[in-house]
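Chain residues, written in single-letter form:
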Amino acid sequence: MSTHEGGPGLPQERRIVTEIPGPRSQEIHARRQAVVAAGVGSVLPVYVEKAGGGVVVDVDGNSLIDLASGIAVTSVGNSAPAVVQGVTEQVAAFTHTCFMVAPYEGYVEVCEKLAALTPGDHAKKAALFNSGAEAVENAVKIARVHTGRDAVVVVDHAYHGRTNLTMAMTAKNMPYKQGFGPFAGEVYRAPMSYPFREPAPITGPEAAARTIEVIEKQVGADNVACVVIEPVLGEGGFVVPAPGYLTAVSEWCTAHGVVFVADEIQSGMCRTGTWFASEHEDVVPDLVTVAKGVAGGLPLAAVVGRSEMMDAVHGGGLGGTYGGNPVACAAALGAIATMEELDLNARARAIEATMTERLRILADKAPAIGDVRGRGAMIAIEIVRPGTTEPDAALTSAIATGCHQQGVLMLTCGTFGNVLRFLPPLVMPDHLLDEALDVLEEVVTGLV
Ligand SMILES: *Cc1c(COP(=O)(O)O)cnc(C)c1O
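The notes below deal with the structure included here. It should be emphasised that the depicted structure is a prediction, and the values quoted were computed from it without experimental measurement. (Residues numbered from 1 in each chain as written. Predicted model: local features only at pLDDT ≥ 70, side-chain atom pairs only at ≥ 80, totals over all residues. Heavy atoms only, no water.)

On to the overall build of the chain, then. Helix and strand content of the chain: 13 helices and 15 strands. In terms of C-alpha radius of gyration, the chain reaches 21 Å, essentially the compact-globule figure of 22 Å for 448 residues. Projected onto its principal axes, the C-alpha coordinates of the chain cover approximately 60 × 60 × 45 Å. Counting across all 448 residues of the chain, residues that qualify as buried make up 55%. Sequence separation of at least 24 residues holds for 74% of the intrachain contacts in the chain that already meet a minimum separation of 6. A total of about 17900 Å² of accessible surface is found on the chain, and carbon and sulfur atoms cover 54% of it. Of the side-chain charges in the chain, 31 are positive and 50 negative, and the distance between the mean point of each set is 4 Å. (Helix = DSSP H or I, 4+ residues; strand = E, 2+ residues; numbered from the N terminus. Rg over C-alpha atoms; globule rule 2.2 N^0.38 Å. Buried < 20%, exposed > 50% of the residue type's maximum accessible area, 1.4 Å probe, protein only. Contact = heavy atoms within 4.5 Å. Areas by Shrake-Rupley, 256 points an atom, 1.4 Å probe, with all protein chains shown as cover. Lys, Arg positive; Asp, Glu negative; His and termini not counted. Charge placed at Lys NZ, Arg CZ, Asp CG, Glu CD.)

To continue, consider the layout of surface pockets. Taken as a whole, the largest pocket spans an internal volume of roughly 1400 Å³. If you trace the largest pocket, you find 49 residues lining it, with Val43, Ile71, Glu235, Leu411 and Arg421 closest to the centre. Listing elements by their share of the lining of the largest pocket, those giving two or more residues are α2 (69–72), α5 (132–147), α12 (393–405) and β14 (411–413). Broken down by class, the residue content of the lining of the largest pocket amounts to 21 nonpolar, 20 polar and eight charged. Split by domain, the lining of the largest pocket shows at least three residues from each of two domains, domain 1 (23–66 + 343–447) and domain 2 (83–342). Here the second largest pocket is characterised by a volume of approximately 360 Å³. Along its surface, the second largest pocket is lined by 19 residues, and Tyr107, Ala126, Ala127, Met310 and Leu318 are the ones closest to its centre. (1 Å grid on protein atoms, 1.4 Å probe; cavity = no way out; pocket = protein on both sides within 12 Å on 5 of 7 lines; lining within 4 Å. Points joined across faces, edges and corners; volume = space filled by probe spheres on them. Nonpolar A, V, L, I, M, F, W, Y, C, P; charged D, E, K, R; others polar. Domains from an automatic or database assignment.)

What follows is the structure in structure tokens.
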């Protein structure tokens, strides 16, 4: 075991000292293959020893620039001081009593914070869970009890998780659903607004009318408990719907007694330059699901929403053994305090400005980059055959692999596997972000 400290004290540099993955990582990887189920994948099997600020350091001493944040989780950076302090104090005081058995203040404080930070100034309440999928499941439970209706509407390219109900809600078959059925019933899919892939230009309200028509004709407004939608699609390709789309869908929901659920698990908690991405369109969701960035890396999730909806569920109807674990709550309070203190919303907007400027210049030189899009520090490029919208998944993964080899950790996404997505920690130093973009530029120009 290393005695070196991770966290923000780590040298903020890209440093490659072995092949990627290095010999020590390969050794652990061989052990892993004997005991870890093959269905659990890793984007880049360098085994991590420490991480902090904008870097991940592996067991061979390679220091990689982190454009993944563990999938939009470590927005405050790895081992952020306020998270470490809160967790350390809490873990020494007590680790678990179960909020449903003997409660504690940290849970209440997290709910107070989330009620204050989510969009809208109406009365709100929250409930805490362990994972994003669990939050989505509970949002559906709450919407069904509140409305007395069954149907759940989701959109094309949606990602909501890997449990049985959330697999049904997720659009993409491979790898999320293949062979795992039968799936939960009463889940219906409607078209999404995907500006880059519309056959002909269409406004946000027109795209919403298309979505609503499918709901009304194929499901019936009176049967719909909730519409669940990511304000910026995550795994589905960092798609930002056309302006006015979300507003029109949410207004239709309100008019028909349908609960509008914003799945902000990836887009929330400063990621897009606002506390929640719904704010970019002045949309006030009825319920918001929160996870990923909320607790600096510890597992915590929440459903936050209108008090009268949250309170529709009978006593004992919501919960779970670990939901809102005190250590995870302490981490969330530390993470939220860090977001406020460092104004990470402003930081996310600065990252957006840097990235979109550089990526647009690169796109002008590399016609395989068909689209540059996203909000805040949730930015992506879509890779296509030049001059078309035909996806080029092979080139996309070649670019990702090329960057990995040069010490820049990044992820792909999208229904067609042709989107490179960038999710830097919001505390990423400018020089590292610039360097990561230099590497990307070099790799892209070398391949196209
Ligand atoms: C990651 C994600 C989920 C699932 O969260 P888990 O913690 O992996 O269960 C759900 N919705 C969105 C939008 C996500 O990005």
